[in-house]
Amino acid sequence: MTHTQIEVTAELVRHLLRDQHPDLADRPVRLGARGWDNQLWRLGDDLAVRMPWATQSADALLRREHAWLPALAPHLPLPVPVPQRLGEPSERFPRPWIVTTWVPGEPADRAPATRAADAADSLAAFLTALHRPAPPAAPRGRGGPLADHAEGFAEQLASATDMGLIPDQDAVRAVWDDAVTAPDWTGPALWLHGDLHPANILTADGTFCGVIDFGDLCAGDPACDLAAAWILLPDGAADRFFGAYQPSPDITTLRRARGWAVLRALSGILIGEAGIHGRPGGKVTWGPPAHAALRRLVATVRRPDEHDPVATEPVGRVRPHG
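Presented here is an overview of the structure given in this document.

1. Things to note about the packing of aromatic side chains
Right, on to step 1. Per the counting criterion, the structure on display carries five aromatic pairs.
Right, on to step 2. Ring geometry for Trp 68 and Trp 191: centres 5.3 Å apart, planes at 55°, overall tilted. Of the two residues, Trp 68 is situated in helix 2 (residues 58-72) and Trp 191 in strand 7 (residues 190-192); the sequence distance between them amounts to 123 residues.
Right, on to step 3. Among the residues examined, Trp 68 registers a relative accessible area of 25% and is labelled partly exposed.
Right, on to step 4. Centre to centre, the rings of Phe 153 and Trp 176 are 4.5 Å apart; their planes meet at 10°, and the pair counts as stacked. A residue pair is termed long-range when its members are at least 10 positions apart, and Phe 153 in helix 4 (residues 150-162) and Trp 176 in helix 5 (residues 169-180) qualify at 23 residues.

Below is the structure:
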């Protein structure tokens with residue numbers, strides 16, 4: 001199933017609601033956004049309908065979000081789209097779908113956070129609250145060993161370099177090599193958002209006001225989410241974030257977090273470039289924040305002497321940019 005095989009329209013959304021949740025069927029329906037996996041349709045002022053459209057994996061991700069997020073949401077300090085209803089596959093639309101609360105705000109790929117201290121504190125509070133031990137039955141996904149992604153890193157770096165998008169591939173590789181050789185996470189598997197890129201966090205008045213798309217919600221290494229310090233925050237805010245996040249991450253966790261951040265930055269750069277050239281799956285707005293994130297990460301590389309090998313700072317601090 002892809003978006004070319006079935007057209008999602010306001011009429012279809014209303015039909016599905018009348019069939020399975022008739023008490024919601026008279027609310028106004030209008031398109032909110034088309035995401036990577038799902039289309040988002042506004043349902044009145046306070047609800048939204050998430051309809052899978054472009055990937056097969058979206059079905060399982062919606063069911064995961066519906067099963068687990070309602071219990072976590074009340075403990076989170078930022079608004080999240082809390083699932084309210086589950087729509088089952090039917091003859092008219094043979095895929096599951098969900099009704100969630102609507103979270104207002106502008107995606108950070110379009111409106112980046114500019115109030116550095118407020119954004120750092122807000123993100124730290126959110127992840128401190130989310131990163132609690134998950135039950136044994138919690139789904140696994142992202143947040144496993146970073147080494148599992150070595151092939152993907154190499155392919156993305158090569159592609160971006162061939163396109164002339166990476167000014168210093170040796171510095172990028174140095175950050176990755178330092179991260180992938182850090183000891184694995186040995187603590188309990190913690191709840192993770194799993195996909196904290198700029199399109200999945202909302203802003204208002206220069207700071208964060210909501211977190212969306214919990215389809216990759218899973219249990220694992222908190223370094224996966226802590227990569228957001230470089231991906232989402234303005235320059236110079238990472239240190240404040242790591243000072244506010246509790247418990248304070250150790251050096252090895254920071255090293256792994258930088259590796260996750262490199263992966264997300266490279267992915268965003270390639271998706272942004274695809275958007276510039278009108279390729280399928282491309283999103284122009286993903287490029288600028290991804291380039292900024294990679295610049296911040298490369299700034300953690302130190303070069304004691306031009307003849308010495310490239311190395312990284314021993315802790316996850318971001319040095320000022322010139």
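2. Details of the sheet that holds strand 6 (residues 106-107)
Right, on to step 1. Sheet architecture is open: three strands sit in the order 6-8-9, paired in antiparallel fashion. Each having just a single partner strand, strand 6 and strand 9 (207-211) make up the two edges of the open sheet.
Right, on to step 2. Sheet analysis places strand 6 next to strand 8 (residues 201-204), joined by two bridges and oriented antiparallel. When the sheet's bridge partners are listed, Pro 107 is paired in strand 8 with Leu 202.
Right, on to step 3. The sheet strands contacting helix 3 (residues 116-130) are strand 8 and strand 9, and the helix crosses strand 9 at an angle near 25°.

3. Some thoughts on the environment of Ala 238
Right, on to step 1. Assignment of secondary structure puts Ala 238 in helix 8 (residues 238-244).
Right, on to step 2. Taking the relative accessible area as the measure of exposure, Ala 238 reaches 5% and is therefore buried.
Right, on to step 3. Distance from Ala 238 to Leu 226, taken between C-alpha atoms, is 9.8 Å for residues 12 residues apart in sequence.

4. Focus: the packing of helix 4 against helix 9 (residues 251-276)
Right, on to step 1. At their nearest, the axes of helix 4 and helix 9 sit 10 Å apart, and the two run at 40° to each other. With respect to each other, helix 4 and helix 9 are oriented oblique. Crossing handedness for the pair helix 4 and helix 9: left-handed. Here Phe 153, Gln 156, Leu 157, Ser 159 and Ala 160 of helix 4 come into contact with helix 9, specifically with Val 262, Leu 263, Leu 266, Ser 267 and Leu 270.

5. Things to note about helix 1 (residues 10-20)
Right, on to step 1. Among the residues of helix 1, those classed as buried are Ala 10, Leu 12, Val 13, Leu 16 and Leu 17. Taken down its axis, helix 1 places every buried residue within 160° of arc, on the same side. Helix 1 presents Glu 11 and Asp 19 as exposed residues on the side facing more than 90 degrees away from its buried surface.
Right, on to step 2. Buried positions along helix 1 lie against strand 1 (29-34), strand 2 (38-43), strand 3 (47-52) and strand 5 (97-101).

Calculation rules
Residues numbered from 1 in each chain as written. Predicted model: local features only at pLDDT ≥ 70, side-chain atom pairs only at ≥ 80, totals over all residues. Heavy atoms only, no water. Phe/Tyr/Trp six-rings, centres within 6.5 Å; stacked < 30°, edge-to-face > 60°. Helix = DSSP H or I, 4+ residues; strand = E, 2+ residues; numbered from the N terminus. Buried < 20%, exposed > 50% of the residue type's maximum accessible area, 1.4 Å probe, protein only. Pairing = 2+ DSSP bridges. Contact = heavy atoms within 4.5 Å. Axes fitted to C-alpha atoms, helices over the stretch in contact; angles between N-to-C directions. Parallel < 35°, antiparallel > 145°, perpendicular 65-115°, else oblique. Left-handed = near helix turned anticlockwise from the far one by under 90°. Arc of directions from axis to C-beta.

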